[in-house]
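# An overview of the molecular structure
In case you want the letters, here they are:
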Amino acid sequence: MSQKNSNRIKLLAFMALLLFLPMHVSAEVVYPVPSYENDALTKVRSWEKNWAGKKVDKTNIDQVSEYLPDSFVQIYKDAEKWGAPQDNFYFMIKPYEQFVDTQGMIDATKKYSPLVKMNATGWIENYADLAGVPFPAPKTGEELAWNFDFNTHGDANHYRNSGPVITPGQAVERSTLTERWELYFIHRVDVQPLPKYEKNKKGIHRGMFQHMFKPPESNNTRFFNLRYIDPEASDDGYMYYAPFRRVRRISVGQRTDTIDGSDFIYDDEYGWDGHVQRNTYKLIGRKEMLASRRTDTTKFERIPGQAVPSNIVRERVSTYVVEVKNKDPNYIYSKRIWYVDPETYLLNWTEIYDDLGKLWKCFEVLNTEFPSLMGGTKIVPSGYITIDMQRSHAANLMINYEEIGLEKVNKRMFSISNLQKTY
Amino acid sequence: MRGLRLPIVVVTLIVCLFASSEKSQAYISLLDGDLEINGFFKEQMFIRTAMPREEGDIHKSDIDFWRTNFIIEGLYKLKQDGDLTINLFGGFKYYYEKSPAIDSEKKRSINRWNYDKYLRPYDDDLLSELYVDFQYGPLQLKVGKQIVVWGETNLKQTADIINPLDLRYGSPGTEAWEDIKLGLYMIRGLYQTDLPGQLNFEFIFIPGDFEAVRLPNENTYQGGKTYQSTVDPLNGGLPDFGIAEWAMEKARRDEPGWNISNWEAGIKLRGYTWNVDWSVFYFNTINDAPTISDSDINAFKDFGAIYVLDAFDSDGDGVFNPQYPDYKVFSFKRYEVIGATFQTRFENFPVSEWRLESFYLIGEPLNATNSGTQFGTYKGVRKDTFGFGLEGRDYYRIPYITHNWFDDKKMAVSVSIFYEKILGFSRELILRKGRGHRTGDSHASEITWSFSQQFFRAKWFAMFTGSYNFIGKWFVLPVLSYAPGEHWRFEAGLPLYGSSASSNRGLNEKDSVLLRVRYEF
């Protein structure tokens, strides 16, 4: 090689270095990322001038139908079929409002997201050592799924959930009432120890304890579930069934069983409640949706037999659309379509398809902003409206948080002896 | 009046609390959540589908059982301060068996000693449980009347040995275990350690409260019939009660009751190792069933003779009215039980949940005769017995049907096999028929099953449960349940019984329609 060529190569290399230098600088973690900025935000604000504060019902829903799942548009149009009052079945639109997570979440995202080590199988090798949002600029469905998975809902929380199982138009309903605690052992962003409990021999990801009060035959039944860090390990679940005072280990088969007459299976919690790697994920793109992100369930209006309550307040959000398929060929669903909130990575909507590829269920995940005991606010799931489109059936489950960001959750809560600390 | 004091206090308390309740709902929480109340009101009826000719003179109606049952339970949080929690739990129950009230023949046929006790609760039966529950960190201490569950297999007891059963109104299969268990006053402690395997220690000390198993009264739905256990008197016709009832009543009278020498104690160690939840236990107990001591053999003969002689009118008064003697005939002897339970899950196995419960009875008191029948010269013996119950359980999706008919609710299936073997068996042993041994066999084995399915969004529930003992004795119970809303539950079932074993007929010929209405709150 001549000296001249050599110099040219050096020059090119230097220029390339200069070219990449700003990229390296710009690779600094950007988080939080708003759903709308600049022109996109201007367009949304312009749209909101017409719609914010407006009541949407069957008379004008076609004008906003592009922002809702078709199934829900049909529900609003056919109020009678879904047990709603003909002249008072509506939802409200509010202006988009950016959600900024707690400082702990922001700090953890900036600290840990550059450290993510994903192997060829798609598993994050240092999964248990990280916290925050692992992929603040997600480019694939899988990265979105990890972002969803890392959300710890305030690290520890305590809430009550309740709601009816609804056969539209029938006034007699069965309802549930449970009290629940969750404790995340890893991915912790707000409550010490951060980012994980060092003393965790069993390798627990999350513990959940539940005390049931309704329906009456289940009163005082208690249940806990342990999710493990190991993606190959199934959950361990134990139930103390109060009428028989017996502690039973929960079968894996129950994960895909419907719960007490509802349209929910255990895997459906949060939109998906299982190991990330049990599914494949394909990013379809972005879609503008109306989503209930700051839900106040106390203002809902509903008569018995009404599948979807009135006065849900929804705002515009630019969701990620992800196609989710379970790796088990015999899984109950052929696929799920997630509509992922770009600011919280919680789900806003889920559409579920049967094994023939027909739309089966549509779930709206109601989220709400709730103050964390650690300061700041968290957006957390505050309810589910689940619709079985094929059977014209529904269930509403509303979540009332008592505390988010709890410091003292006794790990012994997730033990068989604690199950029996009742009558 | 003294006997009414407790019910009046309880009812007054309930009325006051309900009056102050802000909202009526299935689960009732009062006093800012410090008091939780729940319970149910139940009407239950067995209507015989075919009445044998021999029972004609003890029945005017096919309704052989009609009981009103009311249970209310309350948990009062006395103190909650950091790691310390003190709760007071009380369960109050009342029932009334109404079938004798609508059937004068049946009323006449139930023996006079136990008639009132059969109809309604007596003594402290009104309190199903009453205890104080102290919880301090890993330590839990419960003091008072309690029902304890140590075993979890269906239909048959293996490791569940603490509380005696009240079999007068139903048996496992038609009734929940907790409805037929009798509470005992005890001290129960549990300690959760941080040791490997999540070791948990439990001890039970029953300082002297003794309750024998309550066997069904003669001529009631669950009980035997007079014609099945009487001698044939010279003056013709049946005596008012059979010799079996005569003996059972004497056993009731010979129960030791409260006495410090009747103490019972047990310890249980529970842990989790290699994906197996296990427990081992030891229980030093008094036999719930009566036997005859060697020292009482002559007393037993004399006691039997009183019945026979009066049935043959040896005193010439023309009235069958045998009088119970003052001396003791039956005793309830001490023995020991050791056992173990194992529970695990096999994820890729067609049946994923497995539970094994085993027991070893050390020196169980029994009786034997030289003839191998209940008639002959009795003697007291002690035998060791080994037994186990193995249960497999899972939830299944039936192609097409689960999705299209059952709203994707899977069918719950449970199948168990039970086995027991008496070591050093002798054909002279007298064994309770409920143990299911073929005459002359040292072992007994039985399978039980339960298939349950919710449908129409859990408003409807169907269950098919049953058992088959290899001597040819069987029981099946299909049940259909409807719970339209928050509180009401309606159930109909068809308990059917059969036996090809002439020596062990069980509830053969007691086929019935079961009707049950329940209001839960």
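Because the structure is a prediction, the values reported are computed rather than measured. (Residues numbered from 1 in each chain as written. Chains lettered and ligands numbered in written order. Predicted model: local features only at pLDDT ≥ 70, side-chain atom pairs only at ≥ 80, totals over all residues.)

Along its length, chain A carries 6 helices and 15 strands. For 423 residues, the compact-globule estimate of 2.2 N^0.38 gives 22 Å, and chain A sits close to it at 23 Å. Each of the three principal axes of chain A carries a C-alpha extent, and together these read 90 × 55 × 45 Å. Per-residue burial over chain A gives 47% buried out of 423 residues. Expressed as a percentage of contacts within chain A between residues at least 6 apart in sequence, the contacts between residues at least 24 apart total 62%. (Helix = DSSP H or I, 4+ residues; strand = E, 2+ residues; numbered from the N terminus. Rg over C-alpha atoms; globule rule 2.2 N^0.38 Å. Buried ≥ 20, exposed ≤ 12 C-beta atoms within 10 Å, placed from the backbone. Contact = placed C-beta atoms within 7 Å.)

As a further point, take the overall build of chain B. Helix and strand content of chain B: 8 helices and 21 strands. Whereas a compact globule of 521 residues would reach a radius of gyration of roughly 24 Å, chain B reaches 24 Å, a difference of no more than 12%. In terms of overall dimensions, chain B has C-alpha extents of about 75 × 55 × 50 Å along its principal axes. Counting the 521 residues in chain B, one finds 33% classified as buried.

Moving on to unusual backbone geometry. Cis geometry is adopted by the peptide bond preceding A:Pro195, which originates at A:Leu194 and carries an omega value of -10 degrees. By the element assignment, A:Pro195 lies in the loop between strand 4 (174-184) and strand 5 (204-214). Put simply, A:Lys214 and A:Pro215 share a cis peptide bond, and its omega is 0 degrees. In this structure, A:Pro215 sits in the loop between strand 5 and strand 6 (222-228). Backbone geometry places A:Asn38, a non-glycine residue, at a positive phi of 50 degrees. Mapped onto the secondary structure, A:Asn38 falls in helix 2 (residues 38-51). By the C-beta count within 10 Å, which is 8 here, A:Asn38 ends up exposed. The residue B:Trp274 is not glycine, and still its phi comes out positive at about 50 degrees.

Our focus in this paragraph is the interface of chain B and chain A. With 40 residues of chain B at the contact, the number on the chain A side is 35 residues. Listed by contribution, the elements that provide at least two residues to the side of chain B that touches chain A are strand 3 (63-81), helix 5 (177-180), strand 7 (184-192), strand 11 (334-345) and strand 13 (378-396) of chain B. Residues that form the side of chain B that touches chain A fall into these classes: 13 nonpolar, 11 polar and 16 charged. (Nonpolar A, V, L, I, M, F, W, Y, C, P; charged D, E, K, R; others polar.)

Attention now moves to helix 5 (residues 141-149) of chain A. A turn of α-helix holds 3.6 residues, and therefore any two residues three or four places apart point the same way. Across the 9 residues of helix 5 of chain A, 9 count as buried, placing the element largely inside the fold. Residues of helix 5 of chain A that are buried sit in contact with strand 9 (279-291), strand 10 (312-326) and strand 11 (335-340) of chain A.

Once that is clear, we can look at the nonpolar core. Residues and elements named next belong to chain A. Leu144 and Val340 are the most contacted members of the largest nonpolar core, which has 72 residues in total. In this structure Val340 touches Leu144, Phe148, Thr319, Tyr320, Val322, Tyr345 and Leu347, once residues within four positions along its chain are discounted. The next biggest cluster of nonpolar side chains, apart from the first, holds 22 residues, and it includes Trp181, Phe185, Ile204 and Phe223. (Core = buried A, V, L, I, M, F, W, Y, C linked by C-beta atoms within 7 Å.)

We now examine the environment of A:Asp190. All names here are of chain A. By the secondary structure assignment, Asp190 is in the loop between strand 4 and strand 5. Of the residues examined, Asp190 has 26 C-beta atoms within 10 Å and is grouped as buried. Through-space distance from the C-alpha of Asp190 to that of Glu269 is 23 Å; in sequence the pair is 79 residues apart. If we ignore the near neighbours within four places in the chain, the residues touching Asp190 are Thr102, Gly104, Gly154, Asp155, Ser372, Met374 and Gly405.

This paragraph deals with the confidence of the model for chain B. All names here are of chain B. Put simply, chain B has an average pLDDT of 87, and 92% of its residues get 70 or more. For chain B, the element scoring lowest by mean pLDDT is helix 1 (residues 5-19), at 44; strand 8 (residues 200-206) scores highest, at 96. Confidence over residues 1-26 falls short of pLDDT 50; this stretch has 16 contacts with residues more than four positions distant or in other chains. On the interface metric, ipTM, the complex scores 0.79, and its pTM is 0.83. (pLDDT = per-residue confidence, 0-100.)

Its place among the elements puts B:Phe89 in strand 4 (residues 84-97). Sequence separation between B:Phe89 and B:Ser171 is 82 residues; the distance between their C-alpha atoms is 26 Å. When near neighbours in sequence (up to four residues on either side) are disregarded, B:Phe89 contacts A:Tyr423, B:Leu75, B:Glu129, B:Tyr131 and B:Asp133.

Moving on, we come to helix 2 of chain A. Counted at 1.5 Å a residue, the expected span for helix 2 of chain A with its 14 residues is 20 Å, and the 20 Å between its end C-alpha atoms agrees. A:Gly53 lies just past helix 2 of chain A and shows a positive phi near 80 degrees. (Expected span 1.5 Å × (residues − 1).)

Moving on, we get to the confidence of the model for chain A. Considering every residue of chain A, the mean pLDDT works out to 91; 93% of them sit at 70 or more. This model gives residues 20-26 of chain A a pLDDT under 50, and the stretch forms 0 contacts once residues within four places in sequence are excluded.

Mapped onto the elements, A:Ser415 comes out in the loop between strand 15 (393-404) and helix 6 (416-419). A:Ser415 sits in the buried class, given 21 other C-beta atoms within 10 Å. Placed 289 residues apart in sequence, A:Ser415 and A:Asn126 show a C-alpha to C-alpha distance of 27 Å. When sequence neighbours within four positions are dropped, the list of residues in contact with A:Ser415 reads B:Gln192 and B:Gln198.

We now examine the pairing of strand 19 (residues 488-493) of chain B. Residue and element names in this part refer to chain B. Here 4 bridges tie strand 18 (residues 473-482) to strand 19, and the two strands are oriented antiparallel to one another. Bridge pairing links Leu480 to Ala492 in strand 19. Between the antiparallel neighbours strand 18 and strand 19 lie 5 residues. With 6 bridges connecting them, strand 19 and strand 21 (residues 512-520) associate as antiparallel partners. (Pairing = 2+ DSSP bridges.)

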